[in-house]
Amino acid sequence: MNDEIDILEVDRIVESIGRDSASVIPVLQAMQKTFKFLPEAALRRVCEISDITPAQIEGVASFFSQFRRSPVGKHMISVCDGTACHVKGSEAVYYSVLKDLGIKDGDTDADGLFTVQKVACLGCCTLAPAVQIDETTYGHVRTDTVSDMITDFIENEANRIPRKFQGLEDGISMGEVRVGLGSCCVAGGSAKIREALEEELESLKCKVDIKPVGCVGMCHRTPLVEVVIPGEEPVLYAKVKPEDIPEIVERHFWSDSPFIKVRAATERWLKKLYTDEARNVPDRYSINVRDEPVADFLSRQKHIATEHGGVLNPSDMEEYKRLGGFKAIKDVFFKNDPGGLISTIDKSGLRGRGGGGFPTGKKWDIVRKAPGEKKYIVANGDEGDPGAFMDRMIMESYPYRVIEGMLIASFAVGATEGVLYVRAEYPLAVKRIRQALADMEAAGLLGDNIMGSGHSLSLKIFEGAGAFVCGEESALIASLEGRRGMPNYRPPFPAEKGLNGCPTLVNNAETFSVLPWIIRNGAEEFAKLGTDRSKGTKVFSLAGKVERGGLIEVPMGITIREVVEQIGGGVADGRTFKAVQIGGPSGGCIPASLGDTTVDFEALSEVGAMMGSGGFVVLDDRDCMVEMARYFLSFTQSESCGKCTPCRVGTKRMLEILTRLCKGQGKQGDIEKLEQLAKTVKGQSLCGLGKTAPNPVLTTIKYFREEFEAHIEGRCPAGKCAKLITYSITDDCIGCAKCAAECPVDAISGEPYSVFEIDPELCVRCDNCRQICPVDAVVVE
Amino acid sequence: MPELRINGLPAKVDEGATVLDAAELVFVDIPTLCHMKGCEPETSCMLCVVKNVATGQLIPACSAKAVDGMEIDTECAEVQSARRDILNLLLSEHVGDCEAPCTRICPAHLDIPLMLRAIEHGNLESAAWIAKRDLAIPATLGHVCPAPCEKGCRRAQVDEAITIRDLHREVTEGSTEGSVLCFNVFSEKHHFIGLTPKSMTPKSKSVAVIGSGPAGLSCAWKLIQLGYGCTVFDEAPKAGGVLREHNSLPMDVLDDEVDWLAQAGVEFSLGAPISMHEAADGFDGIVFAETEFSGTHFADAFYAEEHKLAVKAVANGKAAAVAVDRFLKGEPPSNKEPFDSKTGKLRESEVQELTKNCATVEQAGMPAPQAEAARCLHCDCRKAVSCKLRKYATQYGANQREFPADERGHVQLIGHDEAVVFEPGKCIKCGLCVKITKRAGEELGVTFVGRGYNTRVAVPFEEALQDGLREAATECVEACPTGALAFRNVEER
Ligand code: SF4
Ligand code: SF4
Ligand code: SF4
Ligand code: FES
């Protein structure tokens with residue numbers, strides 16, 4: 001390995017970031033940015049010139065998944081394996097990418113051009129399965145479009161302005177605009193609309209996908225345009241005229257990059273998208289719109305954390321102010337009564353939105369009362385739930401609100417220093433928050449003696465380096481202090497003894513973002529929403545097999561079925577609603593039969609799930625519950641910090657059993673063994689990660705035990721587990737040979753225009769053929 | 001000062017004390033692996049869980065602070081089974097053998113690798129003693145035993161099994177040139193071979209052993225080692241029982257060994273009809289070690305069955321002696337064997353890894369028995385006696401197969417040329433060595449590398465083990481609760 005590096009570069013990095021041992025993570029991040037991996041020589045150099053020790057740097061660099069010790073390819077392909085993408089076939093996409101690049105071992109192709117990795121939620125579940133290549137996101141990727149995607153990327157790359165001149169946001173698709181291209185839409189003038197769209201997006205330099213869609217079933221209202229932004233509710237415009245387009249575009253997409261954009265590339269991109277015949281538009285694009293859902297969609301939600309969504313420009317502090325921003329903090333300073341403030345929050349019934357649901361007021365009270373000169377405040381935005389992206393959206397879209405919330409809380413508890421802990425994988429969130437911090441500092445809303453209140457608060461950003469366990473307060477603090485993200489036994493809780501041994505308030509980003517609303521509207525207004533024990537609203541990432549996914553904010557107490565049917569528009573593709581997975585890897589699968597369960601902390605835990613971080617993934621009859629259990633457990637298992645025995649070893653043993661079951665190698669007694677292990681892991685793990693890791697398994701066993709039994713008998717009722725199913729081609733086959741071309745192992749043969757055949761011995765059940773068959777002649781049994 | 005109850009016992013502790021501290025105060029034992037006095041608790045093994053009666057929760061005693069009014073249960077069934085689960089999980093990823101396979105297979109459990117290492121280092125006297133201690137009649141067995149141990153010898157995976165039987169015969173057979181005549185040294189240097197003058201003092205209790213076959217002889221010898229007086233009765237004029245019928249056994253070998261046992265303190269009453277009453281009256285215990293007596297029933301009699309496989313008879317004799325010992329001490333009978341971690345069949349690469357334990361360089365110039373013994377792979381664990389994991393696994397009746405792993409980890413030896421050996425497969429990630437090296441200000445030290453199930457302990461930048469443990473090697477080896485960190489050439493047994 002070529003370890004020759006520019007030592008001066010290392011020195012510069014350490015110089016600018018810091019020599020104390022707590023700087024280790026930012027230093028590693030900066031070095032990785034420079035060298036694209038962490039050369040050993042650089043690590044050694046850091047130890048020479050700072051307080052960071054070899055043991056520390058080696059321990060930390062190998063703990064966080066962001067850090068790489070070997071060089072990566074020129075471009076990074078991140079295949080999202082978040083829950084939503086997973087249920088929509090990201091695994092197959094991942095293998096297609098590997099196949100397309102001819103990667104057999106490891107993760108980098110022979111030319112060193114691409115490195116492929118699976119990542120937890122990219123935060124754009126509405127585009128599932130999503131793939132990110134460097135800074136470009138591709139949505140709805142299918143095994144048969146992988147090749148096109150890579151070619152497209154390479155072509156565009158050729159036209160790119162050198163990377164360092166690009167704003168972070170450049171290539172990230174900001175969403176998509178769907179234009180009805182059904183015959184009635186075309187008749188209604190959609191071709192003109194499309195031209196107008198292209199022009200407008202081009203002039204704004206926005207990277208937005210234009211997606212032609214088939215008939216949407218509202219032919220009387222054509223032409224139709226639907227704007228889909230990841231994490232936001234899709235908006236449908238009916239009877240659009242070309243002259244409406246600029247307004248629509250401006251309303252949804254802002255362009256805030258001062259840099260020159262890639263004009264040529266964008267042009268080509270759009271043209272290609274529009275003209276590329278090979279790109280089959282998947283069925284799920286046809287929006288089975290009925291008249292009601294649009295209205296219902298809006299009325300069932302309640303926007304508190306996401307107030308002014310779709311209207312508010314995220315980087316415009318003035319606009320935030322115009323729309324009521326900073327009123328709350330002014331009010332708080334004016335009243336100058338931290339105790340009263342805490343009781344207001346207590347009265348509102350607000351509970352932590354990060355998962356555990358600890359009463360926010362109580363937590364504040366502990367921090368306030370904890371003895372200590374110095375106190376810290378931390379916003380936890382290290383969302384790690386593979387199926388959730390609301391922290392990301394909140395930080396990207398409402399940065400001022402989150403910070404205002406932190407100001408309020410810091411005043412209540414007496415914290416003067418703080419950190420926004422943001423996943424490094426969320427560059428846009430980092431950028432927006434950084435901007436917001438700068439704006440607010442400039443406006444005197446952060447810093448010393450804010451607005452003459454006598455209260456001071458300085459905030460900085462800390463980029464999480466990729467460890468789900470850092471969602472756990474004590475692990476988060478460990479990483480802030482420059483240690484491996486391993487939790488400690490609590491008590492003492494961080495509220496008493498946290499960062500640097502000082503009382504530390506850790507709240508989730510979403511929790512902070514509802515505070516201004518509560519102050520402005522009063523605790524009573526907030527407490528009016530929700531149920532007895534769970535007040536207010538909760539933001540969810542609604543994804544999976546629903547018609548409309550996206551970020552939603554609903555009042556507590558809404559039922560699961562209401563969310564699925566009224567907000568999500570029901571299950572997609574005419575399949576049957578089977579279950580929802582709530583709370584991600586800590587939560588559970590709730591069967592459709594319990595669809596009347598309300599969304600509230602206690603009700604969810606009574607059925608074995610939990611509010612968790614806000615993943616809400618809808619599953620249909622084609623989703624195998626054993627496989628779901630395996631998926632979540634494989635996530636927690638790989639995210640286990642490895643400290644305590646039950647979690648480190650127990651989750652591994654559980655995963656082995658689940659993997660066996662999915663491979664048809666289950667044995668009698670496996671279910672009981674799983675239950676026994678689950679009990680140990682749940683009961684004896686050190687931290688929340690382990691204590692909740694068995695939930696997805698326990699709930700699926702509880703509600704779908706017969707599916708587990710079927711797997712032991714060698715059947716997968718949902719037709720999902722590769723080793724338990726066979727693929728065959730029916731007489732409907734038209735002999736187009738597309739399947740044969742797509743099969744990675746040449747298991748399909750036949751004469752053109754006659755019925756093809758699959759060799760079950762060779763078949764690896766990648767599902768490529770079934771996905772590509774234009775006449776649904778490939779069946780699974 | 002918080003006051004709490006541990007298993008109902010009141011304990012008053014200082015502010016900030018842990019539940020473990022409180023338990024110690026009232027002499028309640030709580031098993032710990034990752035805990036060490038004077039170190040911040042790691043809270044990783046979770047073996048020390050106890051039940052907080054008020055909440056019903058299991059909490060780690062080493063880290064949970066003692067709170068006023070707390071009520072702690074350290075012994076209830078829930079706690080016991082939780083601890084067993086933890087041990088079973090740890091053992092499910094444990095790669096190592098407490099006992100070597102050869103020892104395991106030998107019915108009499110001769111500590112073969114220990115004996116071989118003594119031979120290798122030219123320490124033939126200790127080798128002979130080990131063989132005597134475990135086999136009673138090692139030279140005799142060296143002629144008649146079919147050597148099942150050699151079938152289990154892992155060296156066979158490299159080339160050929162060690163000739164274990166020949167070696168334990170060679171080191172103990174009086175007439176062999178160059179070996180040690182054990183019974184000669186015995187009278188002069190008995191303290192050297194482990195029988196201290198104290199244990200040789202006249203016994204308060206004595207046991208009659210009926211029958212002088214291999215079972216009887218070994219039973220008698222074991223009783224002597226346990227500190228009893230012992231008389232062996234046989235109607236035959238010479239001791240040896242069925243062994244006397246063996247035609248491939250030179251009888252002088254057997255005679256020598258019987259003599260040796262007599263010198264060691266075993267009394268013989270031979271060539272006269274056995275009076276049961278005499279036996280029953282004059283002794284505190286009685287062991288029948290002959291097949292024809294096995295129907296006779298005496299109150300408090302024990303049986304050491306003879307067996308056509310002499311070494312099996314030897315094993316039976318030892319077991320009977322242990323049973324008598326427990327009985328005479330008023331302890332309930334027990335068949336609790338010490339826990340024994342098993343690696344199973346080794347992979348090709350692992351055998352190669354173990355050959356690192358062999359002193360190949362020196363072998364060339366060694367005399368025959370030494371060179372042969374030096375081929376031993378050292379399959380047994382270097383810390384089989386002090387290992388806390390093994391101790392608790394025995395105590396809690398752990399079962400290594402309770403949560404079987406799909407694939408077991410690799411046998412790996414790190415630092416084989418150095419004073420300290422690290423076996424990652426035995427590491428339970430307690431973090432003690434990481435803390436100790438940090439505290440000692442080691443320049444490199446050791447650290448955890450990786451995350452989750454793949455976490456391992458390593459010297460930073462893959463430097464040599466000795467460079468990571470310049471200051472704190474001894475402290476680390478002593479603190480390491482398992483055989484993961486051990487001195488290469490220090491014997492515990
Ligand atoms: S470390 Fe302990 S349990 Fe493991 S092999 Fe050695 S003695 Fe046995
Ligand atoms: S190599 Fe040594 S320890 Fe291993 S089985 Fe053979 S004799 Fe026993
Ligand atoms: S090697 Fe270190 S971490 Fe592993 S068991 Fe021994 S002391 Fe613990
Ligand atoms: S967790 Fe308490 S001794 Fe290991």
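These figures come from a predicted structure and were not determined experimentally.

## Focus on the overall build of chain B
Piece 1. Looking only at helices and strands, chain B features 21 helices and 14 strands.
Piece 2. Relative to the compact-globule value of 23 Å for 493 residues, chain B shows a C-alpha radius of gyration of 26 Å, a close match.
Piece 3. Counting only C-alpha atoms, chain B reaches 75 × 60 × 45 Å along its principal axes.
Piece 4. The buried share among the 493 residues of chain B stands at 57%.
Piece 5. Here the contacts in chain B between residues at least 6 apart in sequence split such that 67% fall between residues at least 24 apart.

## With respect to the nonpolar core
Piece 1. Judged by nonpolar contacts, the single largest core of 114 residues is most densely connected at A:L28, A:M31, A:I57, A:F64, B:L4, B:I6 and B:L485.
Piece 2. Broken down by element, this core gets its largest block of residues, seven residues, from helix α2 (residues 24-35) of chain A.
Piece 3. Not counting residues within four places of it along the chain, the set of residues in contact with A:M31 comprises A:V10, A:I13, A:K36, A:F37, A:L38, A:A42, A:L43 and A:V46.

## A look at the environment of B:F339
Residue and element names in this part refer to chain B.
Piece 1. Its location among the elements puts F339 in the loop between α14 (310-328) and α15 (348-355).
Piece 2. For the pair F339 and L389, spaced 50 residues apart in sequence, the C-alpha to C-alpha distance is 9.3 Å.
Piece 3. Not counting residues within four places of it along the chain, the set of residues in contact with F339 comprises L91, C98, R390, A393, T394, A398 and Q400.

## Considerations on the site of ligand 2
Piece 1. The environment of ligand 2 is formed by B:A100, B:P101, B:C102, B:P113, B:L116, B:C153, B:R154, B:R155, B:I162, B:C376, B:L377 and B:C379.
Piece 2. Contributing elements (two or more residues each) for the shell around ligand 2: α3 (101-105) and α4 (112-120) of chain B.

## A closer look at unusual backbone geometry
All names here are of chain A.
Piece 1. That bond from R490 to P491 is cis: its omega, 0 degrees, falls within 30 degrees of zero.
Piece 2. You can see P491 is positioned in the loop between α20 (473-480) and β12 (504-508).
Piece 3. A cis amide bond, omega 0 degrees, links P491 with the succeeding residue P492.
Piece 4. A positive phi is found at F326, a non-glycine position, where the angle reads about 65 degrees.
Piece 5. Of note, F326 is situated in the loop between α13 (317-322) and α14 (327-335).

## Thoughts on a nonpolar patch on the surface
Residue and element names in this part refer to chain A.
Piece 1. On the surface, a cluster of nonpolar side chains totalling about 220 Å² of accessible area is made up of V745, L762 and V764.
Piece 2. Its place among the elements puts V764 in the loop between β20 (757-758) and α31 (768-772).
Piece 3. Using a relative accessible area of 45% as the deciding quantity, one classes V764 as partly exposed.

## So, the site of ligand 1
Piece 1. Around ligand 1, the surrounding shell consists of B:H94, B:G96, B:D97, B:C98, B:C381, B:A384, B:C387, B:R390, B:K426, B:T482 and B:G483.
Piece 2. Tallied by class, residues from the shell around ligand 1 come to four nonpolar, four polar and three charged.

## Points about the domain arrangement of chain B
Piece 1. For chain B, the assigned domains read domain 1 (3-75), domain 2 (97-186 + 343-380) and domain 3 (206-329).
Piece 2. The centre of domain 1 of chain B, based on its C-alpha atoms, is set 50 Å off from the matching centre of domain 3 of chain B.

## A look at the interface of chain A and chain B
Piece 1. The partner chain B presents 40 residues to the 42 residues of chain A that form the contact.
Piece 2. A per-residue breakdown of the area chain A buries against chain B is headed by A:Y489, A:R648 and A:Q684, which together make up 19% of the total.
Piece 3. Seen at the junction of chain A and chain B, the total is five salt bridges.
Piece 4. Close ionic contact of A:R660 with B:D406 constitutes a salt bridge, the shortest N to O distance being 3.7 Å.
Piece 5. Our count for the chain A to chain B interface comes out at 23 residue pairs in polar contact (both at pLDDT 80 or more).
Piece 6. Those elements that place two or more of their residues in the side of chain A that touches chain B are α3 (40-49), α4 (54-61), α25 (625-639), α26 (645-662) and α27 (670-684) of chain A.
Piece 7. If you tally residues by element for the side of chain A that touches chain B, the top one is α26(A), at nine residues.
Piece 8. When grouped by side-chain class, the residues that make up the side of chain A that touches chain B number 16 nonpolar, 13 polar and 13 charged.

## Side note on helix α5 (residues 124-135) of chain B
All names here are of chain B.
Piece 1. For α5, built from twelve residues, the straight-helix expectation of 16 Å at 1.5 Å per residue is met to within 8% by its first-to-last C-alpha distance of 16 Å.
Piece 2. When we look at burial in α5, the residues that qualify are L124, S126, A127, A128, W129, I130, A131, K132, D134 and L135.
Piece 3. A136 sits one or two positions beyond α5 and adopts a positive phi of about 65 degrees.

## Brief notes about the sheet that holds strand β10 (residues 301-303) of chain B
Residue and element names in this part refer to chain B.
Piece 1. The five strands lie next to each other as β8-β7-β6-β9-β10, forming an open sheet whose pairing is parallel. Every other strand in the sheet has two partners, leaving β8 (267-270) and β10 as the edge strands with one partner each. Direction aside, the axes of adjacent strands within the sheet are offset by 25 degrees on average.
Piece 2. Alignment of strand β7 (residues 229-234) against β8, held across four bridges, turns out to be parallel. If you follow V232 over to β8, its bridge partner there is F268.

## Concerning the packing of helix α15 (residues 338-348) of chain A against helix α16 (residues 360-369) of chain A
Residues and elements named next belong to chain A.
Piece 1. Look at α15 against α16: their axes get within 7 Å of each other, and the N-to-C directions meet at 155 degrees. Comparing the axis directions of α15 and α16 gives the class roughly antiparallel. Like other packed secondary-structure pairs, α15 and α16 cross with a definite hand, here left-handed. On α16, the residues that touch P338, G339, L341, I342, I345 and D346 of α15 are T360, G361, K362, W364, D365 and R368.
Piece 2. Looking at side-chain class alone, the contact of α15 with α16 contains five nonpolar, three polar and four charged residues.

## Let's talk about α26(A)
Piece 1. With 18 residues, α26(A) should reach 26 Å at 1.5 Å per residue; the first-to-last C-alpha distance of 25 Å fits that figure.
Piece 2. Looking one or two residues past α26(A), A:G664 carries a phi angle of roughly 75 degrees, positive in sign.

## Comments concerning the confidence of the model for chain A
Residue and element names in this part refer to chain A.
Piece 1. In this model, chain A carries a mean pLDDT of 83, and residues with pLDDT of at least 70 account for 85%.
Piece 2. Of all the helices and strands in chain A, helix α12 (residues 291-299) carries the lowest mean pLDDT, 37, while α4 carries the highest, 97.
Piece 3. Contacts from residues 182-187, a stretch scored under 50 in pLDDT, to residues over four places away or in other chains number twelve contacts.
Piece 4. Every residue in residues 214-220 is under pLDDT 50, and counting partners more than four places away or in other chains gives 16 contacts.

What counts and how
Each chain has its residues counted from 1, following the order in which its sequence is written. All chains are assigned letters beginning at A, and all ligands numbers beginning at 1, according to the order in which they are written. For this predicted model, a pLDDT threshold of at least 70 governs which residues receive local features, and a threshold of 80 or more governs which side-chain atom pairs are given and counted, while totals over whole chains, interfaces and linings are taken from all residues. To get the side-chain values, take all heavy atoms of the structure and skip hydrogens and water. Counting from the N terminus, the helices are the DSSP runs of H or I reaching at least four residues and the strands are the DSSP runs of E reaching at least two. We compute the radius of gyration over the C-alpha atoms and compare it with the globule rule, which gives 2.2 Å times the number of residues raised to the power 0.38. We call a residue buried when its accessible area falls under 20% of the maximum for its residue type, exposed when it is over 50%, and partly exposed in between, using a 1.4 Å probe and counting protein chains only. When checking whether two residues touch, look at their non-hydrogen atoms; a contact exists if any pair is within 4.5 Å. We call a set of buried residues a nonpolar core when its members are Ala, Val, Leu, Ile, Met, Phe, Trp, Tyr or Cys and they connect through side-chain atoms within 4.5 Å of each other. It suffices for a single heavy atom of a residue to lie within 4 Å of a molecule or strand for the residue to be listed as near it. Patch rule: a residue counts if its relative accessible area is over 30% and it has no salt bridge; like charges are joined within 9 Å, and nonpolar side chains (Val, Leu, Ile, Met, Phe, Trp, Tyr) within 5 Å. Accessibility throughout is a Shrake-Rupley quantity obtained with a 1.4 Å probe, and a residue counts as covered only by protein chains that appear here. Salt bridge criterion: a side-chain nitrogen from Lys or Arg within 4 Å of a carboxyl oxygen from Asp or Glu. Under the scheme applied here, ten amino acids are nonpolar (Ala, Val, Leu, Ile, Met, Phe, Trp, Tyr, Cys and Pro), four are charged (Asp, Glu, Lys and Arg), and all others, including Gly, are polar. The source of the domain bounds is an automatic or database domain assignment. The term buried area denotes the loss of accessible surface (1.4 Å probe radius) that occurs when two parts are joined, taken as the sum for both partners. We call two N or O atoms a polar contact when they sit within 3.5 Å, provided that within protein one can donate a hydrogen and the other can accept it, with sequence-adjacent residues counted only if both atoms are side-chain atoms. For a helix, the expected span equals 1.5 Å multiplied by the number of residues minus one. Two strands make a pair as long as DSSP finds a minimum of two bridges between them. Lines fitted to C-alpha atoms define the axes, with helix axes restricted to the stretch in contact, and inter-axis angles between N-to-C directions lie between 0 and 180 degrees. Any angle from 65 to 115 degrees is called roughly perpendicular, while one under 35 is roughly parallel, one over 145 is roughly antiparallel, and all others are oblique. Rotating anticlockwise by less than a right angle from the far helix to the near helix defines a left-handed crossing, while the corresponding clockwise rotation defines a right-handed one. Every residue carries a pLDDT, the predictor's confidence in it, which falls somewhere between 0 and 100.

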